[in-house]
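Below, each chain spelled out in residue letters.
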Amino acid sequence: MKSKIKALKLENLNILIEAVSQKYRAYGPVAKDGEHAFKVIDPESKLYLGCAATMLPAKYILQPVWQDLYSFKLGNGFQIEEPRLDEKLAVFGISPCDVNALLALDRVFGGKFADPYYWKRRENTLIVAANCTEVSKESFCTSWDTGPELYSNYDLLITELSDGYILEVGSAKGENVVAQLSLAEATQDDLNEKTARLDSARANTEKKLPVAPDNLHQFFRERFNHPAWVPNSDACFSCGNCTIVCPTCYCFDIRDEIMPSRNAGVRRSEWDSCQLLEFAEVGFRANFRRPRIDRFKHRTIHKLSWMKQQYGLTGCVGCGRCVRWCPSWPERRGRVTSLADPVEIIADLMEPLEKYKGVEIPVREAA
Ligand code: SF4
Ligand code: SF4
């Protein structure tokens, strides 16, 4: 659907939240412990819409950390009860890179074996995205063209201006919300300010991938056994933070919880991480990714290259969360940012081999 552009003045943001909240359970980025997090909001909430690099991405609303898939009871046969997932959700302030991450998740959870839990929520969710008029020092979305501006795949899109907002309508769902409000058309000055703010955000995004995205597959093939993987993975704690905060990571485990009566229980899914030792453990404690270096390489290459081969969309959108939340000290590696930082991992792999003289790497075959 072609976007319609209307002006929404600052005092009207609450009116928009109020209109949306009548039909949807609304989430938005608000301050939490000096950072920002998606929380359930109301018209009084103070939303942060400049560049919402929230601690956890919005994926946790559509694919919760834990969710009951069904509960079961033994008795008169085997009875199953599934959760109702018909609640209407709205997410305010999803940044352009996170909307692009959702498109990647749509591919993962779609296709032949579509995940009904994800899709019920996804279809019931109103996306009220926000263009990033500020940039975090960790983000490199311009390298992937996933930010700071969004061009499609939203229901409503907000851009913050000095004295108000521009609100763009991108779908019939968005149009239904806006139809309840009486909003003036955006002026040419509003549109010029939007362009200027987003141009400035683009220009201020200093962090860049040192290799063009289209060349990354070949790049990693050629460096699959590069010795730089050794000191990097040696400094990794295998804590899984980099995957938990990543908007495109999707792995989960399934567990059954049996009640003490042993005739009832619940089947749950919970997020998992390829960085944890147990992730690739199979029968008889065999583990096809036991060495930490294998797990470290897997995360990096899967996000930056293999996911594109699998699903046609990048597994990294440059949000910078893994850079921000990796607890391994950069000083351990003589680096300035975190160990999980894709830009620095690539930079390390571009170093001449002489720098790693004496470092031995277990040779594996590149995929
Ligand atoms: S790999 Fe890091 S920068 Fe890329 S999308 Fe995931 S968290 Fe964001
Ligand atoms: S790269 Fe950093 S965040 Fe990721 S598992 Fe290792 S120590 Fe944890």
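Residues numbered from 1 in each chain as written. Chains lettered and ligands numbered in written order. Predicted model: local features only at pLDDT ≥ 70, side-chain atom pairs only at ≥ 80, totals over all residues. Heavy atoms only, no water.

## Regarding the domain arrangement of the protein
When the parts of a complex come together, some accessible area is lost, and that lost area is often used as the size of the interface. Each assigned domain of the protein is listed with its residue range as follows: domain 1 (4-203) and domain 2 (213-356). Measuring from the centre of the C-alpha atoms in domain 1 to the corresponding centre in domain 2 gives 26 Å. Counting from both sides, the interface comprises 40 residues of domain 1 and, opposite them, 40 residues of domain 2. When the two sides are added together, the surface that domain 1 and domain 2 hide from each other amounts to roughly 3500 Å², 63% of it contributed by carbon and sulfur. Linking domain 1 with domain 2 are 3 salt bridges. Note that D98 is salt-bridged to R321, the shortest N-O span being 2.7 Å. Among the secondary structure elements, those contributing two or more residues to the side of domain 1 that touches domain 2 are α2 (59-62), β4 (66-75), α3 (96-109) and α5 (141-144). When residues of the side of domain 1 that touches domain 2 are assigned to their parent elements, the largest contribution, 10 residues, is made by α3. Taken together, the residues of the side of domain 1 that touches domain 2 break down into 23 nonpolar, 9 polar and 8 charged. (Domains from an automatic or database assignment. Contact = heavy atoms within 4.5 Å. Buried area = accessible area lost by both parts, 1.4 Å probe. Salt bridge = Lys/Arg side-chain N within 4 Å of Asp/Glu carboxyl O. Helix = DSSP H or I, 4+ residues; strand = E, 2+ residues; numbered from the N terminus. Nonpolar A, V, L, I, M, F, W, Y, C, P; charged D, E, K, R; others polar.)

## Some words on the environment of T248
Looking at the element boundaries, T248 is found in the loop between α10 (241-244) and β10 (252-258). Given a relative accessible area of 1%, T248 falls into the buried group. Linking T248 and D106, residues 142 residues apart in sequence, is a C-alpha distance of 9.9 Å. For T248, the residues in contact, after removing those within four places along its chain, are A101, A104, L105, K303, M307, T314, G315 and V317. (Buried < 20%, exposed > 50% of the residue type's maximum accessible area, 1.4 Å probe, protein only.)

## What to know about the environment of G318
Along the chain, the position of G318 falls in the loop between α11 (292-311) and α12 (321-325). Considering only alpha carbons, one finds G318 and D98, 220 residues apart in sequence, at a separation of 9.3 Å. With sequence-adjacent residues up to four places away left out, G318 is seen in contact with S139, F140, C141 and W144.

## Points about the packing of aromatic side chains
All chains considered together, the criterion is met by 9 aromatic pairs. Each ring, one from F109 and one from Y250, has its centre 6.4 Å from the other, and the planes form 80°; the classification is edge-to-face. Pair noted here: F109 is in helix α3 and Y250 is in the loop between α10 and β10, with a separation of 141 residues, a long-range link. Residue classification places F109 among the buried positions, given a relative accessible area of 5%. Given the relative accessible area of 15%, Y250 is considered buried. Ring centres 6.4 Å apart and planes at 35° place the aromatic pair F220 and W229 in the tilted group. Assigned by exposure class, F220 and W229 land together as buried. Ring pairs connect the aromatic residues F109, Y118, W119, Y250 and Y311, which therefore count as one cluster. The ring of F224 carries the charged tip of K297 above its face, separated from the ring centre by 4.1 Å. (Phe/Tyr/Trp six-rings, centres within 6.5 Å; stacked < 30°, edge-to-face > 60°. Lys NZ or Arg CZ within 6 Å of the ring centre and 35° of its normal.)

## Some words on the site of ligand 1
As a structural note, the neighbourhood of ligand 1 is formed by F140, C246, P247, R299, K303, C316, V317, G318, C319, G320 and C322. Within the shell around ligand 1, the residues separate by chemical class into 7 nonpolar, 2 polar and 2 charged. (Near = heavy atom within 4 Å.)

## Section: the nonpolar core
Nonpolar side chains in soluble globular proteins generally cluster together in the buried interior. Membership of the largest hydrophobic core comes to 31 residues, with the highest contact counts inside it found for L216, F220, W229 and I346. Of all the elements in the fold, those that place two or more residues in this core are α8 (216-222), α9 (229-234), α11, α12 and α13 (342-349). Looking at this core element by element, the count peaks at 5 residues for α11. Dropping the residues within four chain positions of it, L216 is found in contact with W144, L209, V211, L304, S305 and I346. Judged by nonpolar contacts, the second largest core, of 26 residues, contains L49, A90, L156 and Y165. (Core = buried A, V, L, I, M, F, W, Y, C linked by side-chain atoms within 4.5 Å.)

## Remarks on the site of ligand 2
Looking at ligand 2, the residues that line it are C236, F237, S238, C239, G240, N241, C242, Q275, C326, P327 and A340. Here the shell around ligand 2 is composed, by residue class, of 7 nonpolar, 4 polar and no charged.

## Some details on the sheet that holds strand β5 (residues 77-81)
Taking strand neighbours across the sheet as the criterion, the 4 strands line up as β5-β4-β11-β10 in an open arrangement whose pairing is antiparallel. A single partner strand is all that each edge strand has here, and the edge strands are β5 and β10. Each strand axis lies, on average, 20° off the axis of its neighbour in the sheet, ignoring direction. Where β10 meets strand β11 (residues 264-271), 7 bridges bridge the pair, whose relative direction is antiparallel. Within β11, the residue paired with E257 across the bridge is V266. (Pairing = 2+ DSSP bridges. Axes fitted to C-alpha atoms, helices over the stretch in contact; angles between N-to-C directions.)

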